[in-house]
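Topology and contacts: notes
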Amino acid sequence: VRVTFTPIHRREFGITGTIAVLQDVTEQEKLEASRREFVANVSHELRTPLTTIKSYTEALDDGALEDPPLASRFVSVIQNETERMIRLVTDLLHLSRLDNKEALLRKQPTDLLDMLEDVADRFSFQMRQKDIHCGILVQQGMPKALFDRDQIDQVLDNLVSNALKYTQAGGSVTMEARMAEDHVLTISLQDTGIGIPKKDLDRIFERFYRVDKARSRNMGGTGLGLSIAREIVYAHGGTISLQSELGQGTRVTFTLPPVEAQEVAK
Ligand code: ADP
């Protein structure tokens, strides 16, 4: 709490009293602290690849160019780091558009089975490479639902890409869509991967929060995937949650508003 005292002056009597203003600044300070932490994180995330690129270009300049096989390895490191920076900046722009509520939702009636099959197709190469089995379950008689297909595709892509990153070869990923009694649409994604320790679960949707920074970076992660997914689901008026058992697997579940309400909104 911030307290400010202002004396009350009366010309003929001098100071006759004091006004004390009690202001709750905890929320404001928390916001400010998280903003500072975010800027520090962004700077750090960009500085790391830039430093790598700088040292590898210096090494090329210092003679590695004379050794073509070595030069080619260095160039591919530079390419990887550049691609990671592009991904990071793209994710940041996306988040900033979602923060500014600039991302207009272009809702269209969508068939859920089609959508889940399309996600599986986009990742089929990676799944085959890692020998990961993908299951799709869609409740029978599920009506089309109304949402921004591109944005929800982004949510699914982020979740599937995590499931694949953090699941060992031979594991499985299951996507499921169902509608509850109250017509709330629930989509969940279950993997048989490494899981997330209990102590990290509360913070896992925060920007740049990762269980293992080095591992996430090596996998090409930006640490923003889950926070982007959460913003998109919130923009649709839904909820998102994550359950995980260390060494057993992770399940992410998100909901979208009742299908009937969506019809009315249309
Ligand atoms: P990243 O780009 O690091 O994957 P995310 O925001 O998508 O960033 O995820 C944050 C962190 O949550 C990851 O670094 C990882 O530690 C953990 N995580 C996310 N999804 C899973 C999953 N399916 N299994 C295990 N850990 C996960």
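Residues numbered from 1 in each chain as written. Predicted model: local features only at pLDDT ≥ 70, side-chain atom pairs only at ≥ 80, totals over all residues. Heavy atoms only, no water.

The name an unreviewed UniProt entry assigns to the protein chain is histidine kinase, from the organism Paenibacillus pini JCM 16418.

**Brief notes about the site of the ligand**
Applicable threshold: Proximity is defined per residue: if any heavy atom of the residue lies within 4 Å of a molecule or strand, that residue is considered near it. Polar contacts, as used here, are pairs of N or O atoms within 3.5 Å; protein pairs need one atom able to donate a hydrogen and one able to accept it. Residues neighboring in sequence count only if both atoms are side-chain atoms. For accessible areas, the Shrake-Rupley method is used with a probe of radius 1.4 Å. Any residue's cover is judged against the shown protein chains and nothing else. The method works on a 1 Å grid over the protein atoms by themselves. A cavity is a set of points holding a 1.4 Å probe that cannot get out, a pocket is an open set with protein on both sides within 12 Å along at least five of seven lines, and residues with an atom within 4 Å of a point line them. Think of it this way: if more than half of a molecule's atoms are within 2 Å of a pocket's grid points, that molecule is in the pocket or cavity.
Surrounding the ligand, one finds 19 residues, the nearest of these being Asn162, Asp191, Ser216, Thr222 and Gly223. The side chain of lysine 165 places a nitrogen or oxygen atom 2.9 Å from an oxygen atom of the ligand. Threonine 250 is positioned such that a nitrogen or oxygen atom in its side chain is 3.4 Å from a nitrogen atom of the ligand. Considering the ligand on its own, with 530 Å² of exposed area, one finds that the protein chains cover 97% of that surface. Judged by the fraction of its atoms near the pocket grid, the ligand is located in the largest pocket.

**Section: the pattern of salt bridges**
Applicable threshold: A carboxyl oxygen of Asp or Glu within 4 Å of a side-chain nitrogen of Lys or Arg is what we treat as a salt bridge. Counting from the N terminus, the helices are DSSP H or I runs at least four residues long and the strands are E runs at least two residues long. Each residue is placed in one exposure class: buried if its accessible area under a 1.4 Å probe, protein chains only, is under 20% of its type's maximum, exposed if it is over 50%, and partly exposed if it falls in between.
Considering all chains together, one arrives at 17 salt bridges under this definition. The shortest N-O distance in the salt bridge between arginine 149 and aspartate 153 comes to 3.2 Å. Of this pair, arginine 149 and aspartate 153 both sit in helix 5 (residues 149-165), four residues apart, which is roughly one turn of the helix. The two residues arginine 149 and aspartate 153 agree in class, both being buried.

**Some words on the sheet that holds strand 6 (residues 172-179)**
Basically, it comes down to this: By the convention used here, strands pair only if DSSP detects at least 2 bridges between them. All axes are obtained by fitting lines to C-alpha atoms, using only the stretch in contact for helices, and the reported angles, taken between N-to-C directions, cover 0 to 180 degrees.
Strand order in the open sheet formed by five strands is 4-6-7-9-8, and the pairing between neighbours is mixed. Each edge of the open sheet carries a strand with a single partner, namely strand 4 (133-138) and strand 8 (240-245). Across the sheet, the axes of successive neighbouring strands diverge by a mean angle of 10°, strand direction being ignored. Pairing analysis gives six bridges linking strand 7 (residues 185-191) to strand 9 (residues 249-256), with the strands arranged antiparallel. The partner of leucine 189 across the bridge, within strand 9, is valine 252.

**Overview of the packing of helix 2 (residues 68-99) against helix 8 (residues 225-235)**
Quick note on the threshold: These descriptions rest on fixed angle ranges, namely under 35 degrees for roughly parallel, over 145 for roughly antiparallel, 65 to 115 for roughly perpendicular, and the rest for oblique. With the far helix as reference, a near helix turned anticlockwise by less than a right angle produces a left-handed crossing, and one turned clockwise produces a right-handed crossing. The contact definition used throughout considers only heavy atoms, calling two residues in contact when any of these lie within 4.5 Å. Gly falls in the polar group here, along with every residue not listed as nonpolar (Ala, Val, Leu, Ile, Met, Phe, Trp, Tyr, Cys, Pro) or charged (Asp, Glu, Lys, Arg).
Look at helix 2 against helix 8: their axes get within 10 Å of each other, and the N-to-C directions meet at 25°. By the angle between their directions, the pair helix 2 and helix 8 is classed as roughly parallel. For the element pair helix 2 and helix 8, the recorded crossing hand is left-handed. Between helix 2 and helix 8, the residues in contact are Asp91, His94, Leu95, Leu98 and Asp99 and Ser227, Ile228, Glu231 and Ile232, respectively. By residue class, the composition of the contact of helix 2 with helix 8 is four nonpolar, two polar and three charged.

**What to know about the environment of serine 216**
Inspection of the secondary structure assignment puts serine 216 in helix 7 (residues 213-218). Distance from serine 216 to lysine 165, taken between C-alpha atoms, is 8.5 Å for residues 51 residues apart in sequence. Setting aside residues up to four positions removed in sequence, serine 216 forms contacts with Tyr166, Arg210, Gly221 and Gly223.

**A short note on the environment of leucine 116**
In this fold, leucine 116 is placed in helix 3 (residues 112-122). The class for leucine 116 is buried, based on a relative accessible area of 0%. Sequence separation of leucine 116 and leucine 137 is 21 residues, and the distance between their C-alpha atoms is 8.9 Å. When near neighbours in sequence (up to four residues on either side) are disregarded, leucine 116 contacts Ile136, Val138, Leu156, Met175, Glu176, Ala177 and Ile187.

**Focus: the packing of aromatic side chains**
Note the following rule: Pairing of aromatic rings covers Phe, Tyr and the six-membered ring of Trp, with a centre-to-centre limit of 6.5 Å; geometry is then stacked below 30 degrees between planes, edge-to-face above 60, and tilted otherwise.
Inspection of every chain in the model, using the stated rule, returns two aromatic pairs. Note on phenylalanine 38 and phenylalanine 208: the rings are 5.9 Å apart at their centroids and 35° apart in plane angle, and the pair reads as tilted. Of this pair, phenylalanine 38 sits in helix 1 (residues 26-61) while phenylalanine 208 is found in the loop between helix 6 (198-201) and helix 7, placing the two residues 170 residues apart along the sequence. When its relative accessible area of 26% is taken as the criterion, phenylalanine 38 is described as partly exposed.

**Examining the environment of arginine 207**
Here arginine 207 lies in the loop between helix 6 and helix 7. Since its relative accessible area comes to 25%, arginine 207 is described here as partly exposed. In this structure, the C-alpha to C-alpha distance between arginine 207 and serine 227, residues 20 residues apart in sequence, is 5.6 Å. Only 2.9 Å separates the side chain of arginine 207 from the side chain of aspartate 99, close enough to count as a polar contact.

**Brief notes about the packing of helix 5 against helix 8**
Across the interface, helix 5 lies against helix 8 with an axial gap of 9 Å and an inter-helix angle of 150°. Taken together, helix 5 and helix 8 sit at an angle that is classed as roughly antiparallel. Helix-helix and strand crossings are classified by hand; for helix 5 and helix 8 the assignment is left-handed. Contacts from Gln151, Ile152, Gln154, Val155, Asn158, Leu159 and Asn162 of helix 5 reach helix 8 at Gly225, Leu226, Ile228, Ala229, Ile232 and Val233.

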